[in-house]
Amino acid sequence: MAVAVRGSRGGGGSGFGGFSLRSFFSYRIFVSAMFSLLFIATLSVLFTTNPSTPHHDSALPTTGNAYMRRTFLALNSDPLKTRLDLIYKQANDHVTLVNAYAAYARKLKLEISRQMRMFDDLASNFSDLQMKPSYRSALFESDGPLDEDELRHFEKEIKDKVKVARLMIAESKENYDNQLKIQKLKDTIFAVNELLIKAKKNGAFASSIAAKSIPKSLHCLAMRLVEERISHPEKYKEEEPSPEFEDPSLYHYAIFSDNVIAVSVVIRSVVNNSDEPWKHVFHVVTDRMNLAPMKVWFKMRPVERGAYVEVKAVEDFTFLNSSYVPVLRQLESAKLQKFYFENRAENATTDTHNMKYRNPKYLSMLNHLRFYLPEMYPKLHKILFLDDDVVVQKDLTGLWKIDLDGKVNGAVETCFGSFHRYAQYLNFSHPLIRERFNPRACAWAYGMNIFDLDAWRQEKCTEQYHYWQNLNEDRTLWKLGTLPPGLITFYSTTKSLDKSWHVLGLGYNPSISMDEIRNAAVIHYNGNMKPWLDIAMNQYKKLWTYYLDNDMEFVQMCNFGL
C-alpha cells in the first residue's frame, strides 16, 4: 500500500491516483444536489404555510413582511396582484411622507392651518380610496382573479393623488427643510448687507452734501444784510475800536465763523446766561465775503446788557500769509488742489471714511486761526475759544478761575474705552509719531477751550504746530483737519476739565440724555446735523432756536426756525 501511494505522488496519472480524482468530483456533485433539494424544500414550506388571503384591512400595509408576503403570493397566483401591491407601496410611501410633514407643521405651530388641513385631507383620501364599494368587491374582497378595469381606475386615482402630494410637498419644502431655510436666510442676509453698505455710502454722501451746502435761509439772510448795507451806507460807517477789546481784565471770547445766524445764537446764549454781561468781549473773525453781513447784523441788533462785539476779517491780520503759515502755503499747492477737486464725485461714495476729510471747510483759513490766538490778541492773557455750533446754558466766568497748572489748553476729554484715543487720529505706523506719542493717550475736544496765552507763548506752541504741519504736507502723519495737529501741539500741555462744562454729540448722537444736556454749561452740535439745517435732530433743535433772534425782520423774512 505504501508503494502505491508513493507511486501516485511520483507522477503517475493512472492506477489508484485516477480513481481518487473521480471520487472527489463525485463528492462535489453530491453536495450541490443536497443544497438544491434543501432550497426547494424551503420554498415549498414557505408557499404551503402562507396561503393567499384577501385584503380585508381598511388601512394600507405598513410592514416589510406583509409586503414580501403579498409579493410572493402574487407571483404564485395572479400577475395583477403584483401590480396592485406596487400601487399600495407607492400610496403608502406618500401617505407616510404627507403625515410626517403635517406632524412637523403641528410641532412647529406654524401659522399655516390651511396647509395642514390639506395634508390631513390628502392622507385620509389615500386611506378612504380602498373603501369604495367597487374597489373593495373587485380588488380587495375578491377570491378570484382581479378586475383589470377596476385596477386601472384605482391606479389612476392613486397616481392623481400622488401627483397632488408631490406638488404640495415641493411647494412646502422650504418651510420644513432646515437646510433650505438656512441657505435662504444666508442669501437674504448677504443681499441685505450689500444693500445696507450701498445705502450707508449714499447716505453719507447725501448727508455730507446737505451739511456742507449753504441753506436757502442762510443765503437769504446774508443777501438781505448786504442789501441793507448798500441801501443805507451812512448807518454803517467804520467806528474806532473800543478799548475794552484789549482789556485783559475782561472775559474774552474768540469765535471764527462765516455763519451770521450761528454767531448770533452763540453770543446771545452767553450774554443771557452771564451774571455780569458788561464784562464779556466777543472777538468775531470771518472771511471777507461775510464781513459786511456780520457787521450789519450786530449794528442792527446790538448785543444786550452791555457786552462788546468786535468783528474782523481774516485779511485784517496781515501776518497770516503763505510765507508764515504752512497751511496757506499747502493750500496753494497743485497737489492739494488735485486731492480736493479731481474725481470727487466718483470717490465720494467709494470711500466714506475719507469723505469727511474732503470737507471744504479744511480749505478755509477760518478753521486754522485757533493756532494763532496769541499773535492775534497780543495783549490778552486768557481767551475762551467757542465754535459757532455751540449753545451756552450757564455762566462761563468760572473757566477763567480754573487753575490750569501751567498748562496751555483747558478742554474736556472725549475718550471712553478704546474710543477717541490718539491712535484714532494719528498714523502710528509712522516712526516719528510712534516715537513721540502714546497711542492710548486720551483725546480731547475742540469747541470750548480755555487757553492760557501767556503759557502758550512760553511753550512756543505755534512753532510746534508749524513744525508738525510742515512734516505733514503729504498727509502721512494724519489726515486733514485741526484736531490731529491740536492733539500733537498740546500733547503734554492740556488740562482735563470736568465733563459738565462741555457736552458733545448733538449733531449726530440721538441718545444723549436730557439730564446730561440740562446739566451742561455748553452743548455742542458737532456732526453733520447742525441746528440751522433741515436735517437737524428735532429733540435738540429747540435748545438752539430758543436763542434765535426771531424779532429780527430779516430772520422772519428768510424763514429761520420754521
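- An unreviewed UniProt entry lists the protein under the name Hexosyltransferase, with Prunus armeniaca as the source organism.
- Under Pathway (unreviewed entry), UniProt gives the following word-for-word description of the protein: "Glycan metabolism; pectin biosynthesis."
- According to UniProt, the comment filed for the protein under the heading Subcellular location (unreviewed entry) is "Golgi apparatus membrane".

1. Remarks on the packing of aromatic side chains
Here comes step 1: Applying the stated criterion to the full structure yields 25 aromatic pairs.
Here comes step 2: Where F371 meets Y465, the ring centres are 3.9 Å apart and the plane angle is 5°; that geometry is what we call stacked. Residue F371 is located in the loop between α15 (352-355) and α16 (373-376), and its partner Y465 is located in helix α19 (residues 461-471); the two are separated by 94 residues in the primary sequence. Here F371 matches Y465 in class, with each residue buried.

2. Section: the pairing of strand β3 (residues 308-313)
Here comes step 1: Across six bridges, the pairing between strand β2 (residues 280-286) and β3 is parallel. Within the sheet, the bridge partner assigned to F282 lies in β3 and is V309.
Here comes step 2: Crossover connection from β2 via helix α11 (residues 291-300) to parallel β3: handedness right-handed.

3. Re the state of the cysteines
Here comes step 1: Enumeration according to the criterion identifies two disulfides in this entry.
Here comes step 2: Put simply, C220 and C558 are joined by a disulfide, and their sulfur atoms are 2.0 Å apart. In this structure, the disulfide formed by C220 and C558 twists by about -70° around the S-S bond and is classed as left-handed. Here C558 lies in the segment after α23 (553-557) and C220 lies in helix α9 (residues 216-231), a separation of 338 residues in the sequence.
Here comes step 3: Sulfur-sulfur distance for the disulfide between C415 and C442 comes to 1.7 Å. As the torsion about the S-S bond is roughly -105°, the C415-C442 disulfide counts as left-handed. Of this pair, C415 sits in the loop between β6 (409-411) and α17 (431-436) while C442 sits in the loop between α17 and β7 (448-452); the two residues are 27 residues apart in sequence, bridging distant segments of the chain. For the pair formed by C415 and C442, the shared burial category is buried.
Here comes step 4: With cysteine numbering restricted to those in disulfides and following the sequence, the protein has the pairing 1-4, 2-3.

4. Section: helix α22 (residues 538-545)
Here comes step 1: Of the residues making up α22, those classed as buried are Y540, K541, L543 and W544. Buried residues of α22, seen end-on, are gathered within an arc of 155° and therefore sit on one face of the element. Counted as exposed and oriented over 90 degrees from the buried face of α22: N538 and K542.
Here comes step 2: Contacts made by the buried residues of α22 are with α10 (260-272), β5 (390-392), α21 (514-518) and β10 (522-524).

5. Points about unusual backbone geometry
Here comes step 1: We note that D405 has phi near 55°; this positive angle belongs to a residue other than glycine.
Here comes step 2: Although it is not a glycine, R475 adopts a positive phi angle of roughly 60°.
Here comes step 3: Turning to its location among the elements, R475 is positioned in the loop between α19 and α20 (483-489).
Here comes step 4: For R475, a relative accessible area of 21% gives the class partly exposed.

6. Points about the pattern of salt bridges
Here comes step 1: In this structure the tally under the stated criterion is 12 salt bridges.
Here comes step 2: As a salt-bridge pair, R268 and D549 come within 4.0 Å of each other at their nearest N and O atoms. Taken together, the residues span a long stretch of sequence, with R268 in helix α10 and D549 in the loop between α22 and α23 at a distance of 281 residues.
Here comes step 3: Its relative accessible area of 25% is what places R268 among the partly exposed residues.
Here comes step 4: Two residues, E276 and K279, come together in a salt bridge whose shortest N-O distance is 3.4 Å.
Here comes step 5: Its relative accessible area of 30% is what places E276 among the partly exposed residues.
Here comes step 6: If you follow the salt bridges from partner to partner, you end up with R268, R301 and D549 in one network.

7. Structural notes on the side chain of D388
Here comes step 1: Within the secondary structure layout, D388 lies in the loop between β4 (382-386) and β5.
Here comes step 2: The buried charged residue D388 lacks any salt bridge, with K530 as its nearest oppositely charged partner at 6.0 Å.
Here comes step 3: Within polar-contact distance, the side chain of D388 engages the side chain of S257 at 2.6 Å.
Here comes step 4: If sequence neighbours within four positions are ignored, D388 has contacts with S257, N259, A262, V266 and W532.

8. Structural notes on the confidence of the model for the protein
Here comes step 1: This prediction gives the protein a mean pLDDT of 80; 70% of its residues lie at or above 70.
Here comes step 2: Residue range residues 1-19 is modelled with pLDDT below 50. Its contacts to residues more than four positions away, or to other chains, number four contacts.
Here comes step 3: Counted against residues more than four places away or in other chains, residues 49-64, with its pLDDT under 50, gives 31 contacts.

What counts as what
- Residues numbered from 1 in each chain as written.
- Predicted model: local features only at pLDDT ≥ 70, side-chain atom pairs only at ≥ 80, totals over all residues.
- Heavy atoms only, no water.
- UniProt positions renumbered as here; feature names shortened; annotations may be inferred.
- Phe/Tyr/Trp six-rings, centres within 6.5 Å; stacked < 30°, edge-to-face > 60°.
- Helix = DSSP H or I, 4+ residues; strand = E, 2+ residues; numbered from the N terminus.
- Buried < 20%, exposed > 50% of the residue type's maximum accessible area, 1.4 Å probe, protein only.
- Pairing = 2+ DSSP bridges.
- Right-handed = clockwise from strand over helix to strand, strands pointing away.
- Disulfide = S-S within 2.5 Å.
- Arc of directions from axis to C-beta.
- Contact = heavy atoms within 4.5 Å.
- Salt bridge = Lys/Arg side-chain N within 4 Å of Asp/Glu carboxyl O.
- Lys, Arg positive; Asp, Glu negative; His and termini not counted.
- Polar contact = N/O pair within 3.5 Å; in protein donor to acceptor, adjacent residues only side chain to side chain.
- pLDDT = per-residue confidence, 0-100.

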